[in-house]
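Residue-level structure breakdown
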Amino acid sequence: MNRSFALPEFIYLLAALRWTLLLSLVAFLGGGVVGFVVAILRTTDSRILRLLTTGYIQLFQGTPVLMQLFLFYYGLAVLYDMQVDAWPAVALAFTLYAGAFLGEIWRGSIQAIPPTQWEASACLSLGYIDQLRFVILPQAMRISIPPTVGFLVQLVKSTSIAAIIGFVELTRAGQLIVNVTFQPMVVYPIVAALYFAVCWPLSQLSRSLERRIDADLGVKRHL
Amino acid sequence: MPPARRAAQGLIDAVPGTAKRTFGSGVHYVFHFNVVWDHWRDLAGGAWLTIRLSSLALVIGMALATVCAYAKAAGPGALRLIVAAYVEVIRNTPFLVQIFIIYFSLPALGIAVGANEAALAAMVVNFGAYGTEILRAGIESVPHGQIDAARALGLTRLQTFRHVVLFPALKTVFPALASQFILLMLASSVVSAISAVELTAVTNSLQSTTFRPFEFYFFATALYLAMALGFRAVLGGIYWRVFVRGRRS
């Protein structure tokens, strides 16, 4: 006799959702640190640093997350001849993935600030760090918020790929439930609905923030 | 071992770090990239399926996106709502879950398909939604005066869309569409989960029979990077041919 999809199964999915959220959070925070460094380095005058960070972004944006995951999970395991736990491998892979995308988004935001702002702050005899801290970053941060929230949606969705290496988050939990209930057409739409419940508000937030910032910039343009 | 292969192996051995390398506290691992080379036919077959699936999904998905974008711009209210719902649902759920739903729902609808067809359907549905949203932005960027002018010249709504709106809209959003397509091509690695035998699935089965996961995944990752750069170059060429040179003549 098969189990059918009922409240306990739904609660199991809900419980698995927290691992999706936690993994997204870890990747976002770790990726935020990496991305910040990458964004700063990509806008410096040093050619070698720009080249290195550009290479990093190209590498991680030009290859599938799944492959990165396999390399970190199975590849590192044979390299070091030991069993790598799923958590550190998955967290590291998604951190580097998020770092590449956030680095690129924030580089764009920094470069969107008109050069006259750099020049004006240099005229006020601010050093490089002070220019960044007091003049460039506060403005760049405003522009960067909508695409950053937008990327968060992409990140939450891509954590589903960790299911393929057996990391139990929402999608993997869905697969496990399907294995015992044989009701894929019930379980997967519910899984999708749970993702939607997390991602859609974020998408809407990103959109409304973008509209508000556009409106603000529009006001400034008319002044 | 043929001389060419021996020379290649010699080169590999000569590069520090490929033959025998020490990591941390005396952990040894001997790289065998020649195992990868022995299976190049399988890998090429997998890569070819990835390329075919992605290209087909691009063409069919763009057609779907164009129809949806037109419906969203000029269709009746109910249709607009349906298209908007389609776009929002696809954009806010993971591709992997979409694949599972499509793979299991097609047989339920009485359509018997293999894994490859289900994978293609999922990729089309996914790219169609992103394409619709991107095209919509392009359509909105076309000045309204142009549409009024076209209508004043007696063009029907469809003719206006085709001749006046679509072309400049496509030109504006071409880079965004190209980026989205590259993302789709990379995301197609996920269809290995329903046993479509594209590059990732081939790599998976090879590494598990040869016990050489690092070498195979490393090589497959490099192949994906090459395909991403290749597609980027081809799309760049298409942009130049259609929108830059084509305009002048």
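Residues numbered from 1 in each chain as written. Chains lettered and ligands numbered in written order. Predicted model: local features only at pLDDT ≥ 70, side-chain atom pairs only at ≥ 80, totals over all residues.

**Let's talk about the confidence of the model for chain B**
- Predicted confidence across chain B gives a mean pLDDT of 88, with 88% of residues reaching 70 or more.
- Ranking the elements of chain B by mean pLDDT puts strand E1 (residues 20-23) of chain B last, at 41, and helix H4 (residues 77-91) of chain B first, at 96. (pLDDT = per-residue confidence, 0-100. Helix = DSSP H or I, 4+ residues; strand = E, 2+ residues; numbered from the N terminus.)

**Observations concerning the packing of helix H2 (residues 47-61) of chain A against helix H4 (residues 86-111) of chain A**
Residue and element names in this part refer to chain A.
- Where H2 meets H4, the axes come as close as 9 Å, and the angle between the chain directions of the two elements is 120°. The angle between H2 and H4 falls in the class oblique. Regarding H2 and H4, the two cross each other, and that crossing is left-handed. Contacts between H2 and H4 involve Thr 53, Tyr 56, Ile 57, Phe 60 and Gln 61 from the former and Leu 96, Tyr 97, Ala 100, Phe 101, Gly 103 and Glu 104 from the latter.
- Among the residues making up the contact of H2 with H4, the classes are represented as seven nonpolar, three polar and one charged. (Axes fitted to C-alpha atoms, helices over the stretch in contact; angles between N-to-C directions. Parallel < 35°, antiparallel > 145°, perpendicular 65-115°, else oblique. Left-handed = near helix turned anticlockwise from the far one by under 90°. Contact = placed C-beta atoms within 7 Å. Nonpolar A, V, L, I, M, F, W, Y, C, P; charged D, E, K, R; others polar.)

**Description of the interface of chain B and chain A**
- Residue-level contacts link 32 residues of chain B with 32 residues of chain A.
- Secondary-structure elements contributing two or more residues to the side of chain B that touches chain A are strand E2 (27-30), H4, helix H5 (95-108), helix H8 (157-187) and helix H10 (213-248) of chain B.
- Sort the elements by how many residues they give to the side of chain B that touches chain A and H10 of chain B lands first, with 10 residues.
- Here the residues of the side of chain B that touches chain A are counted per class, giving 24 nonpolar, six polar and two charged.

**Some details on the nonpolar core**
- Core analysis: the largest hydrophobic core is formed by 111 residues, its most contacted members being Leu 69 of chain A together with Ile 99 of chain B.
- Once residues lying within four places of it in the same chain are set aside, the contact partners of Leu 69 of chain A are Val 90, Ala 93, Ile 161, Ala 162 and Ile 165 of chain A. (Core = buried A, V, L, I, M, F, W, Y, C linked by C-beta atoms within 7 Å. Buried ≥ 20, exposed ≤ 12 C-beta atoms within 10 Å, placed from the backbone.)

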